[in-house]
Amino acid sequence: MLVWLISFAKVCFSVIALLFSLFIIRYVLLPLKRMYELRSPNASFYFFPGMGFNRYMKRDLKEKGDFLYSIKHYRDTHQNEKYEVTNLGGSVTIMLRDPEYIKDFASKPGLYDK
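Residues numbered from 1 in each chain as written. Predicted model: local features only at pLDDT ≥ 70, side-chain atom pairs only at ≥ 80, totals over all residues. Heavy atoms only, no water.

## Structural notes on the packing of aromatic side chains
Phase 1 of the analysis: Applying the stated criterion to the full structure yields three aromatic pairs.
Phase 2 of the analysis: Look at Trp4 and Phe8: their rings are 5.6 Å apart centre to centre, the planes differ by 10°, and that puts the pair in the stacked class. You can see Trp4 and its partner Phe8 sitting in helix α1 (residues 2-36), four residues apart, about one turn around the helix.
Phase 3 of the analysis: Here Phe8 falls in the partly exposed class, since its relative accessible area comes to 43%.
Phase 4 of the analysis: Plain terms: the ring middles of Phe23 and Tyr27 are 4.9 Å apart, the flat faces sit at 40° to each other, and that makes the pair tilted. (Phe/Tyr/Trp six-rings, centres within 6.5 Å; stacked < 30°, edge-to-face > 60°. Helix = DSSP H or I, 4+ residues; strand = E, 2+ residues; numbered from the N terminus. Buried < 20%, exposed > 50% of the residue type's maximum accessible area, 1.4 Å probe, protein only.)

Written out as structure tokens, the structure is:
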């Protein structure tokens, strides 16, 4: 009985370790890798482990009554940056800020992955 209990505990520990490793890979390492490829001197780079920017959207909704408040007022404090790279969970999000980048993106949508 004790041997069975010890082997069961080992299996449970292994499964938990595997799930934790997969979580770290999915929500931390892969987004960081994708985001690092998009780094540029004229861009903002924000990484929020786990759920990403959602945390700040909830805060803006609670404090300002608008969950997009930070996004709408981004240009007030970051005039020289052309785009912002952040994560939403395991996905990478690029927010274009420069009108030329927005125009190029809108006129040639086939060149970009969405």
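## Here we look at the sheet that holds strand β2 (residues 83-88)
Phase 1 of the analysis: Strands sit in the order β1-β2-β3 across an open sheet of three strands; the sheet is mixed. The sheet is open, and its two borders are formed by β1 (43-45) and β3 (91-96), each paired with just one other strand. With strand direction ignored, the average angle separating the axes of adjacent strands in the sheet is 25°.
Phase 2 of the analysis: The pairing of β1 with β2 spans three bridges and is classified as parallel. Residue pairing in the sheet places Phe45 in a bridge with Val85 of β2. (Pairing = 2+ DSSP bridges. Axes fitted to C-alpha atoms, helices over the stretch in contact; angles between N-to-C directions.)

## What to know about the nonpolar core
Inside soluble globular proteins, nonpolar side chains tend to come together where they are buried.
Phase 1 of the analysis: Within the largest apolar cluster, five residues are counted, these being Phe48, Phe53, Met57, Ile71 and Met95.
Phase 2 of the analysis: The residues touching Met95, leaving out its near neighbours within four places in the chain, are Ile71, Tyr83, Glu84 and Thr86. (Core = buried A, V, L, I, M, F, W, Y, C linked by side-chain atoms within 4.5 Å. Contact = heavy atoms within 4.5 Å.)

## Topic: the side chain of Ser44
Phase 1 of the analysis: As for its position among the elements, Ser44 is in strand β1.
Phase 2 of the analysis: Judged by relative accessible area, Ser44 falls into the buried class, the value being 4%.

## Digging into the pairing of β2
Phase 1 of the analysis: Most of β2 is tucked away: five of the six residues are buried.
Phase 2 of the analysis: Sheet analysis places β2 next to β3, joined by six bridges and oriented antiparallel. From the neighbouring strand, Leu88 faces β3, where its bridge partner is Ser91.
Phase 3 of the analysis: Between β2 and the antiparallel strand that follows it, β3, lie two residues; Gly89 among them carries a positive phi value of about 65°.

## Points about α1
Phase 1 of the analysis: With 35 residues, α1 extends 49 Å between its outermost C-alpha atoms, agreeing within 8% with the 51 Å of an ideal straight helix rising 1.5 Å per residue.
Phase 2 of the analysis: At Ile25, α1 shows its maximal bend, which comes to roughly 40°.
Phase 3 of the analysis: Along α1, the residues classified as buried are Val28, Pro31 and Met35.
Phase 4 of the analysis: Contacts from the buried residues of α1 go to β1, β2 and β3. (Expected span 1.5 Å × (residues − 1). Bend = angle between axes of the 7 residues up to and from the residue.)

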